[in-house]
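Coordinate inspection notes
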Amino acid sequence: MVATALLLASCGGSSASPDRPAPVPGATIVYGSERLAWNQDGNTSSLQFLAYVDDSPVALDASCATTPLPAQCSAPLPPLTTGVHRIAVAAVAAESAVSGLESERSESITVQKVTARSVVSALSFPDAGIPSSAPGLESLVTAADGRAFAVDVVARGLRAPVQLAVAADGRVLVAEANGHVRVIRPDEPGREAAALDAHALLDPPLMGPLGVALHPDFARNHFVYLAFLAEEQPAGARLRIVRLRETADLLGEPATLFEAPVTAAFQDPSVPILGAAHGSPDSLSAGAPRLAFGPDRLLYVLLPPETEFDREPSASRPLASMLRLADDGRAPDVGPLSGINVHPLGVGWHPATSDLWVIAPSGNGSAVLRPVTSGPLPAMDAGGLAVLRLTDAGGAAASPALAFEPTETTSALAAAFSADLDPASFTVVRLATPVLIETVLSGISGRIGDAVAARDGTLFLATSNSVGADPDAGGDIVVRLRARPSP
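Conventions adopted
- Residues numbered from 1 in each chain as written.
- Predicted model: local features only at pLDDT ≥ 70, side-chain atom pairs only at ≥ 80, totals over all residues.
- Heavy atoms only, no water.
- Helix = DSSP H or I, 4+ residues; strand = E, 2+ residues; numbered from the N terminus.
- Buried < 20%, exposed > 50% of the residue type's maximum accessible area, 1.4 Å probe, protein only.
- Polar contact = N/O pair within 3.5 Å; in protein donor to acceptor, adjacent residues only side chain to side chain.
- Contact = heavy atoms within 4.5 Å.
- Pairing = 2+ DSSP bridges.
- Axes fitted to C-alpha atoms, helices over the stretch in contact; angles between N-to-C directions.
- Disulfide = S-S within 2.5 Å.

1. Regarding unusual backbone geometry
For residues other than glycine, phi is negative in most cases, and the peptide bonds are mostly trans. Note the cis peptide between Arg317 and Pro318, where omega equals -5°. Assignment of secondary structure puts Pro318 in strand E26 (residues 317–318). Residue Arg297 is not a glycine yet carries a positive backbone phi of 65°. Inspection of the secondary structure puts Arg297 in the loop between strand E23 (290–293) and strand E24 (299–302). The phi angle at Arg311 is positive, at roughly 60°, despite the residue not being glycine. Turning to its location among the elements, Arg311 is positioned in the loop between strand E25 (307–309) and E26.

If you want it as structure tokens, here you go:
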């Protein structure tokens, strides 16, 4: 019974970030919301666990996933006083707790507990266009690794934005839940344009929100791709992928590239229907398909969680939730994605290795963030680098979105998702060793519909400030985060 590979992670949920004292060499800064994570040999059903904090034992409220082996265990960080501490973990046989039969301790990790301050609330975000030199008007947030971000709002009055696409010229296309596509210019307030009313242009009309993506050569060909579910008589639905051409902020010349029937999927009741932020979870119109061009220049399509393709040969296997297409809508020679047996909730690509990463549900209102290969995909029913809480105490579901910064170093990768509901938050995952998960923004009381990274590293978040609002209410925003030199 030996606990190995002790790591440190956090499950969001914190509305605070550290005040950045001078770091102690070799220590990882923590502020109380982190979790310990380790691999455990043997049968964990008969084990209890202790954390040794500076050689003093503290009982842990641990949970372990029994597959794959070795078991992957985690527990809340034990209470710590401000300062530097060494932490190790040991396993104790439950039936031998009195006799004290105990495993060897894991290798210790060193942490530095710091005091905390409140992070920036969405209610205080300034509008874009305010000069950065204006004193007191630029909102800054600081992550646990010392990086600072300037935060502002680049668009207001949106209607449940569900997917963003950033062009090389800086424009951001926003697909709204009411079937509109809007073009915003982050540095030119007031120059927003309504690029498309899908209900007026597309036939048959869409049943729910749009997914949107730009062709890798958008600067040359101005191709924009939309995906949506359309009604199919007598009582079905079809996924349609339409290519349009952008001219002067308007979308036109629609051409259908791909369509296939879809059907409602049976869901594990413990896994929330995350796509149903607007609409009934039992309706095919709930949620939006997701589109993204991968580094292989293929178009990846992800259905809403409550739907599957109906006997589509190009769809992923064994769960028909994804497919990849050439930019002309044809199935490529690489074949369908394999090993997809859990419906991903968000996807992204490692900027250095081009490996595909997913946020996948793991039951009990949680999900895992984990890498899968860019070739045939392994099973995604267990494991993962970070466990994300996706429901609040009342069972309301969050809406995760995944984005990677365009960097060549693994330690600087970031993922964005809404991990908590009260309040919702923007959380950064640092995929270094140890893995760190930190809440950076709070006060977004709704969902993060999407998160995308521009080529210069700027992050855009499509957010809501009105839980359960009518998608036609028009109270949503797009937030921008730009890296700033650390103070």
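Once you've had a look at it, read on.
2. Here we look at the side chain of Asp249
Structurally, Asp249 is set in the loop between strand E21 (236–247) and strand E22 (250–264). On the basis of relative accessible area, Asp249 is assigned to the buried category, the value being 8%. Only 2.7 Å separates the side chain of Asp249 from the side chain of Arg185, close enough to count as a polar contact. Excluding its chain neighbours within four sequence positions, the residues that come into contact with Asp249 are Arg171, Val183, Arg185, Ala193, Ala194 and Ala195.

3. Overview of the sheet that holds strand E27 (residues 322–325)
In space, the 3 strands of this open sheet follow the order E23-E24-E27, with antiparallel pairing throughout. With partners counted over all chains shown, the strands left at the sheet margins are E23 and E27, one partner each. Strand-to-strand, the axes of this sheet are offset by a mean angle of 20°, without reference to chain direction. As defined by bridge partners, E24 adjoins E27 across 4 bridges and the pair is classed as antiparallel. If you follow Tyr300 over to E27, its bridge partner there is Arg324.

4. Description of the pairing of E22
As paired elements, E21 and E22 share 10 bridges and run antiparallel to each other. The residue of E22 that forms the bridge with Arg243 is Ala255. Connecting E21 to the antiparallel partner E22 that follows it, the hairpin turn spans 2 residues, and Ala248 within it adopts a positive phi of roughly 50°. By the bridge criterion, 3 bridges tie E22 to E25 in an arrangement that is antiparallel. If you follow Val262 over to E25, its bridge partner there is Phe309.

5. Digging into the state of the cysteines
All told, the structure shown has 1 disulfide when counted by the stated rule. In this model, Cys64 is linked to Cys73 through a disulfide, with the two sulfur atoms separated by 2.1 Å. An S-S torsion of about 110° defines the bridge between Cys64 and Cys73 as right-handed. Since its relative accessible area comes to 27%, Cys64 is described here as partly exposed.

6. Quick notes on the environment of Ala27
Residue position: Ala27 is located in the loop between strand E2 (16–18) and strand E3 (28–30). Its relative accessible area of 16% is what places Ala27 among the buried residues. Taking the C-alpha atoms as reference, Ala27 lies 9.4 Å from Lys113; in sequence the two are 86 residues apart. The contact partners of Ala27, leaving out residues within four places of it in the chain, are Thr110, Val111 and Gln112.

7. Focus on the sheet that holds strand E15 (residues 161–166)
The strand order E15-E16-E17-E18 describes an open sheet built from 4 strands, whose pairing is antiparallel. Both edges of this open sheet fall to E15 and strand E18 (193–197), since each of them pairs with a single strand only. Taking the axes of each pair of neighbouring strands and ignoring which way they run, one obtains an average angle of 20° across the sheet. Relative to E18, strand E17 (residues 180–184) runs antiparallel, the two sharing 4 bridges. Counted as the bridge partner of Val181 is Leu196 from E18.

8. Here we look at the side chain of Arg480
Considering the arrangement of structural elements, one finds Arg480 in strand E37 (residues 476–484). Only 2.8 Å separates the side chain of Arg480 from the side chain of Asp152, close enough to count as a polar contact. The residues touching Arg480, leaving out its near neighbours within four places in the chain, are Ala128, Ala150, Val151, Asp152, Val154, Pro186, Asp187, Thr458, Leu459 and Phe460.

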